Amino acid sequence: MLKINSVTKQFGGIKAVDDLSFRVKKGHIHSIIGPNGAGKTTLVNMITGVYKVDHGTIFLDGADITNITTDKLVYRGICRTFQNLEICENLTVLENVLLGFDKYMDKSIIKSCFRAKSILEDEKRHKDRALHLLSLIGLEKIANQKAENLSYGILKKLEIIRALGTSPELILLDEPVAGLNPKETAEVADLIKTVVADEVTIVLVEHDMKMVMQISDYITVINFGKKLAQGTPEEIVNNKDVIRAYLGSGVVC
Amino acid sequence: MFMGYAGQVSLGHGAFAGLGGYIAVILSSNYELSPLFSIFISVITMAILAFIISKPILRLKGHYLAMATLGVGVIISIFLNAEDELTGGSDGMSVDSFSIFGYEFTDNLQWYILCAVLLVFTIWMFTNLVDSPFGRVLKSIQGSEKAANSVGINVSHYKSIVFVISVVIATISGSLYAFFSGFISPAEASFSHSIELVVMVVLGGLGRIYGAIIGAVILTILPQLLTSFEDYQTLIYGAIIIFIMIFMPKGIASLFNDMKRRLLAKDK
Amino acid sequence: MNELFGFLLSGVTVGFIYALVGIGFTVIYNSSGIINFSQGEFVMAGGMSTVFLLKAGLPLGVSFILAIMITSLIGIILYKLISFSKDSSQISLIILTLGFAIFLRGLAEVVFDKELHTMPSFVGDGSFDMFGTTLTYQSILIMVVSIVIVIFLYFFFKKTKTGQAMMAASINVDAARLMGINIKKILMINFALSAAIAAIGGVLLTPITSTNYEVGIMLGLKGFAAAIIGGLGNPFGAVAGGLVLGILESLIAGYISSEYKDAVAFVVMLGILFFMPGGIFGNTKAQRV
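The model shown is predicted, which means the values in this text are computed figures rather than measured ones.

This next bit is on the overall build of chain A. If you tally the helices and strands in chain A, you get 10 helices and 10 strands. Here chain A has a C-alpha radius of gyration of 19 Å; the compact-globule value for 253 residues is 18 Å, and the two agree. Structurally, chain A occupies a C-alpha span of about 65 × 40 × 30 Å along its principal axes. Looking at chain A as a whole, 41% of its 253 residues qualify as buried. Considering only intrachain contacts with a sequence separation of at least 6, the fraction spanning at least 24 residues in chain A is 67%.

Below you can see the structure in the form of structure tokens.
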């Protein structure tokens, strides 16, 4: 479904991502792991058009999507979340989720100014859908609370729910459990599994090995911007190169 | 509005209002177009102008944006001063009376009614706009541009739209003011006037429509009250701004909100 | 040719004044991240106080020093006000300094008056001919004093303990605080220093262009433009920016149109902001999305 074809990104003299290629199969949870500074987030930023790709191409279902900006990719069915939480704290929980439906909404200024009926009905319909999404993580009761009053763990989940609003075919999750406690991590892992049940493909960038090994269908390991290994979780756990790279940075799987 | 909902600050809006006013006045006086039609053309021209400059200017943020808008404003004001054949230079020019479909607005009462109707209408449209999905997009841009971008919102496009809308409103008010006072001079487009507008918004509280109106009322009444201390007018004016920025930076409207919240809390 | 040289010289003279205002902006911006919109009013305060102290019968030197002290004090007051403020968002602080500028203008109106004032030059009204054009002693004084100030600042920031502490504070406030640097004191010194530089500019300029309570608006804006042109945060950039502006202005006033002279600063500033946001030296990071 997603094909990364020998992409390279340089910052100054350093190659953050170096001639990297891999494929993501439809319906998979495809994890990308690697030590700190391996180029994982750079990769996500390249796929979503935040950084310009120096060399190489990225294909989605055969169509070239290299260097298309994030907002346009949403219309192609790709959505992402962020390593450092990006939630609009000035909005309520419900409004944040409603943002996810933005691409389906009528935002004609003239109609909005005069409170046109079509707009009100449109809004009502999406509110119901947003509440349904919230009920997936049991947040429908606090839908009208300001996001700034909620805990980090809840907001991390909210970010994923918001991405779902865009009805994507592919979601890129950039460290969705970073900074969460074990209980919250388990909840997010659970959420990701239910998302997959909806037949959404997931690219997961994560440090939490326990979770990665639990929920991934396929794993690509990168180190210093290059592909170190790929395979199923079992294959990765037993891969000598991977063990060496991780022991070097002090993480034990 | 430009400032509140997109988290931006413009120090050039006085100049936009002034230039818009001039265009309308020149069209109606020199080319004998009806005032309403002149304002209409002025609005279109200013909207196009705003759209053109919005692209490069809105790529800037914070101080840089403030300075760039300020620069545009000062250039407009110098232009109005310099082109005296067209604008009457620093002496300004007088304006014909205002009429809509042959009905002339002559005395103050008629003006009050017209402005009140317009104001109520504008507030109504704004509240609707802010409550709509469109308004939510603007708020989300203020909250987190990255988040807005990640759900498919073209942030710079929306910023441009807001900028254009705010310039259009400035143009309408600038034109009406010129027709009302029967006179227009480059002072309307000066840096100080732009700042006055910013202060109005901040005084009332950023991102609140009612805030801007409260601010406008205070800033308009204040000088009238202060005329008895004529010499001290500027001094007191500055002191009040400093006071408000230090002690209630969220603006006066936030005081009312606080009060409302406290009252509600008591009810519970 | 002589004409051109004359324009260049007067451009450089005015340019140095813009540079001084620009340096003032930079000193405060570097240490606190605040753009001080009352910088132009500091210039006005310096010039006006000197004029009125002179009128009160004080000798020139004493008035000059007193004026600088008064203006520094105003700078410290502004800092105190800013540190009192509950909200430290960029917009609030911009408005706060704008309010302070209006306040100072009003104060000048009341304490002094609304008339245009001038004062005698320190070095007399003499001039001498150079390359076929006249160079007044005052112009030379402005250039010399400006250069001395720049050199002084250079040594102050690079060689003295206080200066280095100030540089450290501008790079990382928290780290500097952990190292035991008194940030509040540093910021206060910066505001005072910046005001003093502006005051010197005001005093130097008065014999040439005269002064009144409103002179600060344009001067402030142009000093600002100078700081941006040179790349905000770089004092030497501000000097270069000021000189570029002064010369361009003088040339345009001389050859094209004196009416559009004041627009030059802002046209150049916009061009720089749009196309090279780091200033002509391109070494500072501008905030672009």
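Take the sheet that holds strand β4 (residues 55–60) of chain A next. Residue and element names in this part refer to chain A. The antiparallel open sheet is built from four strands, whose spatial order is β2-β1-β4-β5. Every interior strand has two partners, whereas the edge strands, β2 (14–24) and β5 (63–64), have only one. Pairing of β4 with β5 involves two bridges; the strand directions are antiparallel. Residue pairing for β5: L60 is matched across the bridge by A63. Each of β1 (2–11), β2 and β4 touches helix α1 (residues 40–47); the most contacted strand, β2, lies at about 65° to it.

Once that is clear, we can look at the environment of Q214 of chain A. Note on placement: Q214 of chain A falls in helix α8 (residues 209–215). The exposure class assigned to Q214 of chain A is partly exposed, which follows from the 14 C-beta atoms found within 10 Å.

Attention shifts here to the interface of chain B and chain A. Across the contact, 21 residues belong to chain B and 31 residues belong to chain A. The element contributing the most residues to the side of chain B that touches chain A is helix α7 (residues 133–143) of chain B, with eight residues. Of the residues in the side of chain B that touches chain A, the class split is eight nonpolar, 10 polar and three charged.

The next thing to look at is helix α3 (residues 35–57) of chain B. In a regular helix each residue adds 1.5 Å, so 23 residues correspond to 33 Å; α3 of chain B covers 31 Å between its end C-alpha atoms and thus fits that length. Taken as a whole, α3 of chain B has its buried residues at P35, S38, I39, S42, V43, M46, A50, I53 and I57 of chain B.

So, about the pairing of β2 of chain A. Residues and elements named next belong to chain A. With seven bridges joining them, β1 and β2 adopt antiparallel strand pairing. Note on β2: the bridge partner recorded for I4 is F22. What sits between the antiparallel neighbours β1 and β2 is a turn of two residues, in which G12 has the positive phi angle 65°.

What counts, and at which threshold
Residues numbered from 1 in each chain as written. Chains lettered and ligands numbered in written order. Predicted model: local features only at pLDDT ≥ 70, side-chain atom pairs only at ≥ 80, totals over all residues. Helix = DSSP H or I, 4+ residues; strand = E, 2+ residues; numbered from the N terminus. Rg over C-alpha atoms; globule rule 2.2 N^0.38 Å. Buried ≥ 20, exposed ≤ 12 C-beta atoms within 10 Å, placed from the backbone. Contact = placed C-beta atoms within 7 Å. Pairing = 2+ DSSP bridges. Axes fitted to C-alpha atoms, helices over the stretch in contact; angles between N-to-C directions. Nonpolar A, V, L, I, M, F, W, Y, C, P; charged D, E, K, R; others polar. Expected span 1.5 Å × (residues − 1).

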